[in-house]
Amino acid sequence: MKIKNFIWHVGMLPLIMVLFFQAATSISNVTWSELKTEAAVVQSDTSINSNTAVFRHSALKDKGLNVAKAKQKYISSDEIEAPQTIEEAIDFNQYPVAKVVATGYTAGIESTGKTEDHPEYGITFSGVKVKRDLYSTIAADLDVYPIGTILYIPDYGYGVVADKGSAITGDKIDLYYDTVEDVFSHWGKKEVDVYIVEMGDGELSEDQLNQLNEDEALQVFRQQMNES
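Notes on the structure in this doc start here. The structure displayed is predicted, hence computed values, not measured ones. (Residues numbered from 1 in each chain as written. Predicted model: local features only at pLDDT ≥ 70, side-chain atom pairs only at ≥ 80, totals over all residues. Heavy atoms only, no water.)

Here we take up the overall build of the protein. On a plain count of helices and strands, the protein comes out with seven helices and six strands. For the protein, the α and β elements follow one another from N to C terminus as α-α-α-β-α-β-β-β-β-α-β-α-α. In the protein, 71% of the contacts between residues at least 6 apart in sequence involve partners at least 24 apart. As displayed, the protein has an accessible area near 15,800 Å², and 56% of this comes from carbon and sulfur atoms. (Helix = DSSP H or I, 4+ residues; strand = E, 2+ residues; numbered from the N terminus. Contact = heavy atoms within 4.5 Å. Areas by Shrake-Rupley, 256 points an atom, 1.4 Å probe, with all protein chains shown as cover.)

In structure tokens form, the structure reads like this:
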């Protein structure tokens, strides 16, 4: 008897479900096919959102990789080795070269015959004061290198022709140093190739010399020279 009742209840279950859906669709005016369509749309939306999330994750990952690769193309400024000398910073091969015999001189009596109490002590033929700087005053044969000519002398630096001397003729130049000790310890007498950066026009003023020495691009080398 119990088995028959169980079979009867099981057999009635599908009929009850059909009646339930018929009542639900009748009340809500929604058909069974529409319910299935809605379920499919929900499933589709879920799939699209899932695909979108995957796409965004992939795009962000690719972007990160691209940024990382781009960073590898650049070198930090800390890793760039700056020029240590003027010769490394400037290509002097662009200028004409002349071979000269270079000696050193001072403003003192041993070079000029003038003592410190002389009114023209330390004053060059051009009228500017002698100077050992980024651009130093030098003496030359004015028929070869007029006043204002700029030479670059390796191991000395820039020299601006500001003076002349009775023994400085032809291919000879005289490089200014502050003391006799500097002349002997840093230079003496050398045959050297010099670069003719600019030929002078016969004139040189203190303002022009100061402007050359205040060139912002070369101040690091000026500081190095002063410290040495």
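There's more to say after this.
With that out of the way, let us pick up the packing of aromatic side chains. The full count for this structure, using the stated rule, is nine aromatic pairs. Between Phe92 and Tyr195, the aromatic rings sit 5.6 Å apart at their centres with planes inclined by 35 degrees, giving tilted as the arrangement. Placement of the pair is Phe92 in the loop between helix H3 (86-89) and strand E1 (97-105) and Tyr195 in strand E6 (residues 189-198), with a sequence separation of 103 residues. The two residues Phe92 and Tyr195 agree in class, both being buried. An aromatic cluster is built from Phe92, Tyr95, Tyr135, Tyr152, Tyr158 and Tyr195, whose rings are joined through pairwise contacts. Between the NZ or CZ atom of Arg132 and the centre of the ring of Tyr156, over which it lies, the distance is 3.9 Å. (Phe/Tyr/Trp six-rings, centres within 6.5 Å; stacked < 30°, edge-to-face > 60°. Buried < 20%, exposed > 50% of the residue type's maximum accessible area, 1.4 Å probe, protein only. Lys NZ or Arg CZ within 6 Å of the ring centre and 35° of its normal.)

Attention shifts here to the nonpolar core. Residues Ile153, Ile173 and Leu175 are the most contacted members of the largest nonpolar core, which totals 39 residues. Those elements that place two or more of their residues in this core are E1, strand E2 (135-140), strand E3 (150-153), strand E4 (157-163), strand E5 (172-176), helix H5 (180-187) and E6. The contact partners of Ile153, leaving out residues within four places of it in the chain, are Ile138, Gly159, Ile173, Leu175, Trp187, Val192 and Val194. (Core = buried A, V, L, I, M, F, W, Y, C linked by side-chain atoms within 4.5 Å.)

Below, the discussion takes up the sheet that holds E6. Strand order in the closed barrel formed by six strands is E1-E5-E2-E4-E3-E6, with mixed pairing between adjacent strands. For this sheet, the mean inter-axis angle between neighbouring strands, taken without regard to orientation, is 45 degrees. Relative to E5, E2 is paired through three bridges, and the arrangement is antiparallel. Opposite Ala140, over in E5, you have Ile173 as the bridge partner. Running at roughly 140 degrees to E1, H5 makes contact with E1, E3, E5 and E6 of the sheet. (Pairing = 2+ DSSP bridges. Axes fitted to C-alpha atoms, helices over the stretch in contact; angles between N-to-C directions.)

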